[in-house]
Amino acid sequence: MGHRLLLFLFLYTLPVILAQESAKATVIVKGSATIAETDKNFVCATIDWWPPEKCNYDQCPWGESSALNLAVDHPFLANAIKAFKPLRIRVGGSLQDQVVYGLSNLGHPCLPFTKMEDGLFGFSKGCLSMARWDKLNDLFRKTGAVVTFGLNALHGRYHVRNKVWGGPWNSTNARDFIEYTISKEYPVDSWEFGNELSGHGIGASVDVELYGKDLVGLKAILDELYEKSDSQPSLLAPGGFFDHQWYGQLLQVSGSGIVNAMTHHVYNLGEGNDHHLIRKIVDPECLSQAADIYRGVQLTIQRHGPWASAWVGEAGGVSNSGGHHVSNTFINSFWYLDQLGMASKYNTKVYCRQTLIGGNYGLLDTEKFIPNPDYYSALLWHLLMGRGVLSVDIDGSPFLRVYAHCAKQNAGVSVLLINLSNTTKFTVTVQNDINVNLGEKDGIRKDSYFVNGLKKTVSWLGRKPSDGSQKREEYHLTAKDGNHQSRTMLLNASPLELTEDGGIPALNPAYASVNSPINMAPMSIAFVVFPNFEAQACA
């Protein structure tokens, strides 16, 4: 019976095997110098303000995931955050500029958001009570989270016309809230001013001259209130979609040393009801278009505000709550990890995923708090990819995406490989550019007989010969049952599922000889950690 079953399985899968193509690719990692550097807490996730009544396309996927109603005592939530040691969490989102802070001098009852037809985004103002702020900080302290908090930048302003708001910012409520936060010794790492008010805005917009002057005022408040503190928080702005003219002017108007990081949002795949969403996710040309955004932010900062850094303050790939049955499945990790790799190449310090929980794009399931596939992608990046970003050269198909960083935990280099093809298996050889350069220095072509022989005797790791006994770590990610819209991700063919007590499972690697090629199955992702890689930049 067993032999018959094996024969049946072989015959059943034979058409799939025969349909697969094979191709070779060579990756050369340049370890002599880094091309960029990320923050140590590059991976970030957001907690938004949307109430359960937030709906798109006849779906209401937010549930109880708001900063105002999230079950902060849920053990799965705490375990998921703790695993990062630490995770940066940004509290903010579209309703941020309608949040007031419920201190004793507020002057009116502290009430949650309600549906309001003529309100911004269809909702009334909402209030964060200090009791709720205390509860959120209990979670942050317990999990060691690094907190970024987005402040209301519309408070005190008035609606002029269309999306335009005018008048100066009333800082009183925000100042009192920051003062309360300091008095409770809540360690907010950074304060962000406003959400999507830059340029033409989304729900509202503010003139750049007003915005810049109010940033100067907020910086003065932070300097005063934190004068006796051991650490100074960073000031971030504007948390909107990149507009090179507006962003450049903001840096000029606010002046040197005011804004520590320019935050921008990325939803480069379109809207959540796009029927071509999956096709976009695996289209290398579509994915690469986002490079123009990252490059634009980088150049604007270099020209107008070199004292500041670039952050992606919010990125969900797909706007309007994400793509139903797409953004929370395995297929989305091709977009997500590619964007982490691409953004880091342009000196992006932090990348905040929309969301930690809530909408269709949460790292965690909104109802059960169980990790979606992108959660494990984020965690593996955080654990394996270090701060130093390395340049790579690829000789192969555009459907093979490759990024390299200094390793996070130990000496060596970590490489991320993404196979976007659903038909091609890649056999990938990774080399150190030291070996290639050895041949070039003598005027010998890279593909000459001499250099090919040299590469066999000189380990790809560097100049020291290898006997092949050294091992590398491999973390291959695939979809359960080959279903790319599965909510279950496989790590080295084993499903990633919570432990019996709700803990995050161990992310154990497979081991292979450092000199052997890497086999990338169609529609798969792999993190590969090479020990003792001779990379001067990572020394």
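Everything quoted here is computed from the prediction, not taken from an experiment.

Caption draft 1: Representation of the side chain of Ser309 in the model. Residue position: Ser309 is located in strand E14 (residues 309-315). Once residues lying within four places of it in the same chain are set aside, the contact partners of Ser309 are Asn260, Ala261, Met262, Ile301 and Lys349.

Caption draft 2: Highlighting the nonpolar core. Trp133 and Phe149 are the most contacted members of the largest nonpolar core, which has 127 residues in total. Here Trp133 is in contact with Leu128, Phe140, Phe149, Phe177, Tyr180, Thr181, Tyr186 and Val188, once residues within four sequence places are set aside. Ranked by size, the runner-up nonpolar core spans 22 residues in total, among them Leu400, Ala404, Val428 and Ala526.

Caption draft 3: Spatial organisation of the packing of helix H10 (residues 332-345) against helix H11 (residues 373-384). Contact geometry of H10 with H11 gives a least axis separation of 9 Å together with a crossing angle of 30°. Compared by their axis directions, H10 and H11 come out roughly parallel. Where H10 crosses over H11, the handedness of that crossing is right-handed. Together, Asn332, Ser333, Tyr336, Leu337, Leu340, Gly341 and Ser344 of H10 and Pro373, Asp374, Ser377, Ala378 and Trp381 of H11 make up the contact between the two elements.

Caption draft 4: Representation of the side chain of Ser94 in the model. The residue Ser94 is located in the loop between strand E4 (88-91) and strand E5 (99-102) in this model. In this structure Ser94 comes out as buried when scored by relative accessible area, which is 13%. Those residues in contact with Ser94, other than ones at most four positions away along the chain, are Asp48, Trp50, Phe121, Asn195 and Glu196.

Caption draft 5: A look at helix H4 (residues 172-183). In a regular helix each residue adds 1.5 Å, so 12 residues correspond to 16 Å; H4 covers 16 Å between its end C-alpha atoms and thus fits that length. Among the structural elements, E5, strand E6 (126-129), helix H3 (130-143), strand E7 (146-151), strand E10 (188-193) and helix H5 (208-225) are those in contact with the buried residues of H4. Glu185 sits one or two residues past H4 and shows a positive phi near 60°.

Caption draft 6: Summary view of the environment of Pro187. Summarising the element assignment, Pro187 is placed in the loop between H4 and E10. Between the C-alpha atoms of Pro187 and Asp176, which are 11 residues apart in sequence, the distance is 16 Å.

Caption draft 7: The state of the cysteines, seen in detail. Summed over all chains, the structure comprises four disulfides. The disulfide bridge from Cys55 ends at Cys60, spanning 1.9 Å between sulfur atoms. Here the S-S torsion is close to 95°, and the disulfide linking Cys55 with Cys60 is therefore right-handed. On the basis of relative accessible area, Cys55 is assigned to the partly exposed category, the value being 35%. What connects to what in the chain, once the bonded cysteines are numbered by sequence position, is 1-6, 2-3, 4-5, 7-8.

Definitions and limits used
Residue numbers run consecutively from 1 along every chain, following the written order of its sequence. Reporting in this predicted model follows two pLDDT cut-offs: at least 70 for local features of residues, and 80 or more for side-chain atom pairs to be given and counted; totals over whole chains, interfaces and linings ignore these cut-offs and use all residues. The basis for every side-chain value is the complete set of heavy atoms in the structure, and neither hydrogens nor water enter the calculation. Every helix listed is a DSSP run of H or I at least four residues long, and every strand listed is a run of E at least two residues long, numbered separately from the N terminus. Contacts were defined at the residue level, with two residues in contact if any of their heavy atoms lie within 4.5 Å. Residues grouped as a nonpolar core are buried Ala, Val, Leu, Ile, Met, Phe, Trp, Tyr and Cys residues, joined through side-chain atoms within 4.5 Å. Buried means the residue's accessible area, taken with a 1.4 Å probe over protein chains only, is under 20% of the maximum for its type, while exposed means over 50%, and partly exposed covers the values in between. Helix axes are fitted only over the stretch in contact, all axes being lines through C-alpha atoms; the angle between N-to-C directions runs from 0 to 180 degrees. Angle categories are assigned with fixed cut-offs, so that under 35 degrees is roughly parallel, over 145 is roughly antiparallel, 65 to 115 is roughly perpendicular, and the rest are oblique. The hand of a helix crossing depends on one turn: near helix anticlockwise from the far one by less than a right angle means left-handed, and clockwise means right-handed. An expected span of 1.5 Å times one less than the residue number is assigned to each helix. The definition used for a disulfide is geometric: two cysteine sulfur atoms within 2.5 Å.

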